[in-house]
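Observations on chain architecture
What follows is the residue order along each chain.
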Amino acid sequence: MDVNAAVAAAAAIAGVLTGVIAMLAFRWSERELKRPTRTSLHTDPVLPPGVDTVLSVLRSSAVVLDEADAVVKASSAAYALGLVRGGKLAVEPMLQMARDTRRDGEIRQVELDLPRRGTGRGEALAVSARVAPLGSRLVLLLVEDLTEARRIEAVRRDFVANVSHELKTPVGALSLLSEAVMDASDDPEAVQRFAGRMQIEATRLTNLVQELIDLSRVQNDDPLEDAEPVGVDELVNEAIDRCRHQAGTKNITMTAGGTADLRVWGNRGQLAAALGNLVENAVNYSPARTRVGIAARRVTAPGGDMIEIAVTDQGIGISDKDKERIFERFYRVDPARSRATGGTGLGLAIVKHVVASHGGEVTVWSAEGQGSTFTLRLPEAGAARDRDRALQHPALDDEADTGPTTSSSSPASPPDPTAYETLSAPEVLP
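Residues numbered from 1 in each chain as written. Predicted model: local features only at pLDDT ≥ 70, side-chain atom pairs only at ≥ 80, totals over all residues. Heavy atoms only, no water.

**Quick notes on the sheet that holds strand β1 (residues 61-65)**
- With respect to topology, five strands assemble into an open sheet ordered β2-β1-β7-β6-β5, the strand pairing being antiparallel. Single-partner strands in this sheet number two, and they are β2 (71-74) and β5 (108-115). Across the sheet, the mean angle from the axis of one strand to that of its neighbour is 25°, orientation sign disregarded.
- Those strands touched by helix α5 (residues 92-104) are β1, β5, β6 (124-134) and β7 (138-145), and its axis lies near 165° from that of β5. (Pairing = 2+ DSSP bridges. Helix = DSSP H or I, 4+ residues; strand = E, 2+ residues; numbered from the N terminus. Axes fitted to C-alpha atoms, helices over the stretch in contact; angles between N-to-C directions. Contact = heavy atoms within 4.5 Å.)

As structure tokens, this is what we get:
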């Protein structure tokens with residue numbers, strides 16, 4: 001009995017000791033789990049109260065870095081710009097700014113040009129980066145995309161420079177011609193010759209000022225505020241009348257054809273100016289005894305039927321490198337020829353803005369020595385009116401069209417002339 005009692009007592013003591021050791025081990029393990037480690041200090045910092053909310057509403061790209069240069073918080077815009085990759089700040093100059101700010105607490109700002117992701121064309125993003133301390137451990141980086149602002153500023157500078165140059169040329173010519181008239185006051189033939197030149201330069205100056213006014217108007221006004229159904233036949237006849245004299249002096253035949261009784265939706269004055277500019281260019285850049293054709297047709301588009309108005313000439317044509325820039329303001333394919341014809345370089349820019357503001361597009365096919373075809377594509381009056389009504393009052397027409405989809409691509413081959421030669425008899429001008 002004594003032996004059995006001793007064994008039982010030993011077992012009980014061993015069990016108690018095991019339980020105590022297990023309890024101590026559990027307590028120690030729990031305390032170790034709760035104790036912050038160096039790794040957790042680096043990867044799980046806490047943002048100051050309210051910072052997360054403020055960063056979510058900022059227009060700038062925001063990145064918060066900890067003392068190990070790890071990204072604690074980054075906005076979606078920061079990822080879109082390629083600032084953050086793999087949890088790290090990917091722009092070395094910005095990373096160095098963050099380290100310097102963390103060291104001395106000084107706010108820093110710099111403008112940088114960053115490579116644009118995914119293009120492979122050497123294009124750069126212009127950004128402004130500002131770094132400031134955020135508490136004692138964190139650094140805040142704010143990045144503003146300045147690319148569009150830089151582009152607009154460059155366009156503005158170019159526009160001012162071009163306007164100054166274009167105005168300076170006729171004004172300078174008028175000044176010189178007036179001096180020549182004064183010096184030749186006793187020579188009637190010279191006075192008449194110089195006066196004729198002065199009239200040409202004055203006309204060029206007047207046209208330039210008028211086209212600047214027109215361009216400013218189409219850029220600032222909303223043409224659809226006073227939109228109405230506009231007959232395509234009326235626009236074509238007005239464009240032909242506008243160029244009748246120039247075509248007659250060069251023995252150029254102008255023909256009008258295509259589908260009759262088509263109507264587009266928009267501002268009549270602006271649409272007439274756009275089509276008139278295309279027809280005038282076709283006449284001015286075509287050699288004598290050639291043909292200029294204007295035709296219209298209806299085409300089916302996903303957002304509703306569209307009206308295409310094509311202006312085709314047999315002129316000098318446009319090279320591939322020039323086709324990319326012909327709609328820029330003041331750009332001329334042949335500056336010498338353009339000045340000789342009185343061109344200002346603003347006509348196609350006006351066409352582009354008018355068509356875009358009407359929800360359409362303008363495309364060009366051209367080959368050097370073979371002529372050119374400019375095509376306006378505009379919403380048909382009924383489809384555009386139904387679309388505007390549906391957008392303003394969705395309950396009135398749940399199945400209304402939402403408008404045309406536009407594309408900037410140019411036709412790969414010349415349009416088929418037979419596609420336009422229906423219904424309407426052509427008007428031939430001698």
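Right, picking up where we left off after that structure.
**Some remarks on the packing of helix α8 (residues 232-249) against helix α9 (residues 268-284)**
- Interhelical geometry of α8 versus α9 gives an angle of 35° and a closest axis separation of 8 Å. In the crossing of α8 with α9, the sense of the turn from one axis to the other is right-handed. When α8 is examined against α9, the residues E234, L235, V236, E238, A239, R242, C243, Q246 and A247 are found in contact with a partner set consisting of R268, L271, A272, A273, L275, G276, N277, V279, E280, V283 and N284.
- Residues of the contact of α8 with α9, tallied by class, amount to eleven nonpolar, four polar and five charged. (Left-handed = near helix turned anticlockwise from the far one by under 90°. Nonpolar A, V, L, I, M, F, W, Y, C, P; charged D, E, K, R; others polar.)

**Overview of the confidence of the model for the chain**
- In the predicted model, the chain carries a mean pLDDT of 76, and the fraction of residues at 70 or more is 71%.
- Mean pLDDT per element in the chain: helix α2 (residues 38-43) is the minimum at 39, and strand β12 (residues 306-312) is the maximum at 94.
- Overall, residues 36-44 carries pLDDT values under 50, and its contacts beyond four positions in sequence, including any with other chains, amount to five contacts.
- Within the model, the stretch residues 391-414 combines pLDDT values under 50 with 32 contacts to residues more than four positions away or in other chains. (pLDDT = per-residue confidence, 0-100.)

**Here we look at helix α12 (residues 347-357)**
- Those residues of α12 not exposed but buried are G347, L348, A349, I350, V351, V354 and V355.
- One or two residues past the end of α12 sits G359, with phi positive at roughly 80°. (Buried < 20%, exposed > 50% of the residue type's maximum accessible area, 1.4 Å probe, protein only.)

**Some points on the sheet that holds strand β9 (residues 253-258)**
- Strand order in the open sheet formed by five strands is β9-β11-β12-β14-β13, and the pairing between neighbours is mixed. Pairing within the sheet leaves two strands with one partner each, and these edge strands are β9 and β13 (361-367). The sheet shows a mean angle of 15° between the axes of neighbouring strands, taken without regard to direction.
- Of the pairings in the sheet, the one linking strand β11 (residues 291-299) to β12 comprises seven bridges and is antiparallel in character.

**So, the side chain of E308**
- Note on placement: E308 falls in strand β12.
- For E308, a relative accessible area of 8% corresponds to the buried category.
- Side-chain polar atoms of E308 contact the side chain of R377, separated by 2.7 Å. (Polar contact = N/O pair within 3.5 Å; in protein donor to acceptor, adjacent residues only side chain to side chain.)

**Considerations on α8**
- Taking 1.5 Å of rise per residue, the 18 residues of α8 would be expected to cover 26 Å, and the 26 Å separating its terminal C-alpha atoms lies within 8% of that figure.
- The largest bend along α8 measures about 50° and falls at C243.
- When α8 is considered as a whole, its buried residues turn out to be V232, L235, V236, A239, I240, C243 and A247.
- If you follow the buried residues of α8, they end up packed against β8 (228-231), β9, β10 (263-266), α9, β11 and β12. (Expected span 1.5 Å × (residues − 1). Bend = angle between axes of the 7 residues up to and from the residue.)

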